[in-house]
Amino acid sequence: IKAMNEARAIREKEATVYAKEKAEFGANAAALDKAVKAIETGMAGAFLQSYSADVLRKLAVHASSEEDRRELMAFLSSKSGTDYAPASGEIVGILKQLQDEFHAGFSEATATEEAAIRSYEELMTAKKKEKEVLSQAIETKTARIGELGVSIAQMKNDL
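Model, not experiment: these values are computed from the prediction. (Residues numbered from 1 in each chain as written. Predicted model: local features only at pLDDT ≥ 70, side-chain atom pairs only at ≥ 80, totals over all residues. Heavy atoms only, no water.)

Draft legend 1. Spotlight on the pattern of salt bridges. Taken as a whole and assessed by the stated rule, the structure comprises four salt bridges. Note that Lys127 is salt-bridged to Glu130, the shortest N-O span being 3.4 Å. Of this pair, Lys127 and Glu130 both sit in helix H5 (residues 88–158), three residues apart, which is roughly one turn of the helix. In this structure Lys127 comes out as partly exposed when scored by relative accessible area, which is 26%. (Salt bridge = Lys/Arg side-chain N within 4 Å of Asp/Glu carboxyl O. Helix = DSSP H or I, 4+ residues; strand = E, 2+ residues; numbered from the N terminus. Buried < 20%, exposed > 50% of the residue type's maximum accessible area, 1.4 Å probe, protein only.)

Listed below in C-alpha cells is the structure:
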C-alpha cells in the first residue's frame, strides 16, 4: 500500500507538470499562429501591439540561431512593423521554425506523459494483484492457525 501511495503521489506531480507544459504550449502556439497570420496578411503593426506579441518576445530566446534571434527581436522591437522591413518571409520562416520546434518539444512531452501513465497503470495493476495474493495468504494462514488451535485444544482434552 505504501508503494501504491508513493506511486500515486509521483503520478500526480507528473500530471501537474504536464498540465502546466500543455497550457504553456497552447499559449505559445496561439501566439506563434497569430504572428504568422498577421505577418502573412500584412497586419504586423496591429499584432506588435498585442498580448501575443509579448508572448512571442519571450519565445524569441528559443530561436535556433543568434542571427534568427536578432532578426526576430528587431522585428518585435519595432512599434508598427513598418520600422523594420526585411523580407517578411524571413520572419515567417523563423516563426514557423519556432512552431516546429515547439510542436516537437510538446510531442516529446506528450509521449513521455503517455509512457508515465502506462507505467503507473501497470504498476498499480501489479500491486493490486500482489495485494490480493497476500490478503488470500493471510486469510489462509489465519484459518489454519484457528484450526490448529482447535486441534491442540481437542488433543489436550483427550489427554
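What follows picks up the thread again.
Draft legend 2. Helix H3 (residues 51–59), seen in detail. All of the buried residues in H3 are Ser52, Ala53, Val55, Leu56 and Leu59. Seen along its axis, H3 keeps its buried residues to an arc of 155 degrees; they face one direction. Set apart from the buried face of H3 by more than 90 degrees, the exposed residues are Tyr51 and Lys58. (Arc of directions from axis to C-beta.)

Draft legend 3. Layout of helix H4 (residues 66–77). The end-to-end C-alpha separation of H4 is 16 Å, in line with the 16 Å expected for 12 residues at 1.5 Å each. Within the span of H4, buried status applies to Asp68, Glu71, Leu72, Phe75 and Leu76. Along H4, the residues classed as buried sweep out an arc of 130 degrees about the axis, all on the same side. (Expected span 1.5 Å × (residues − 1).)

Draft legend 4. View of the nonpolar core. One finds Leu32, Phe47, Leu56, Leu72, Leu76 and Leu95 to be the most contacted residues of the largest nonpolar core, which totals 26 residues. Among the secondary structure elements, those contributing two or more residues to this core are helix H1 (2–40), helix H2 (44–48), H3, H4 and H5. The contacts of Leu95, once residues within four sequence positions are left out, are Leu32, Ala35, Val36, Ile39, Leu56 and Leu72. (Core = buried A, V, L, I, M, F, W, Y, C linked by side-chain atoms within 4.5 Å. Contact = heavy atoms within 4.5 Å.)

Draft legend 5. Representation of the packing of aromatic side chains within the structure. Summed over all chains, the structure comprises two aromatic pairs. Residues Tyr18 and Phe106 carry aromatic rings whose centres are separated by 6.1 Å and whose planes lie at 20 degrees to one another, so their mutual orientation is stacked. Of this pair, Tyr18 sits in helix H1 while Phe106 sits in helix H5, and the two are 88 residues apart along the sequence. What makes Tyr18 buried here is its relative accessible area of 15%. The interplanar angle of 5 degrees and the centroid separation of 4.3 Å between the aromatic rings of Phe25 and Phe106 together place this pair among those described as stacked. Taken as a pair, Phe25 in helix H1 and Phe106 in helix H5 lie far apart in primary sequence, 81 residues in all. By the burial criterion, Phe25 is buried, and Phe106 matches it. Members of the aromatic cluster, connected to one another through ring pairs, are Tyr18, Phe25 and Phe106. (Phe/Tyr/Trp six-rings, centres within 6.5 Å; stacked < 30°, edge-to-face > 60°.)

Draft legend 6. Structural view of the side chain of Arg11. Along the chain, Arg11 falls in helix H1. Excluding residues that lie within four positions of it along the chain, Arg11 makes contacts with Glu113, Ala116, Ile117 and Tyr120.

Treat this as a map of the structure, not an account of what it does.
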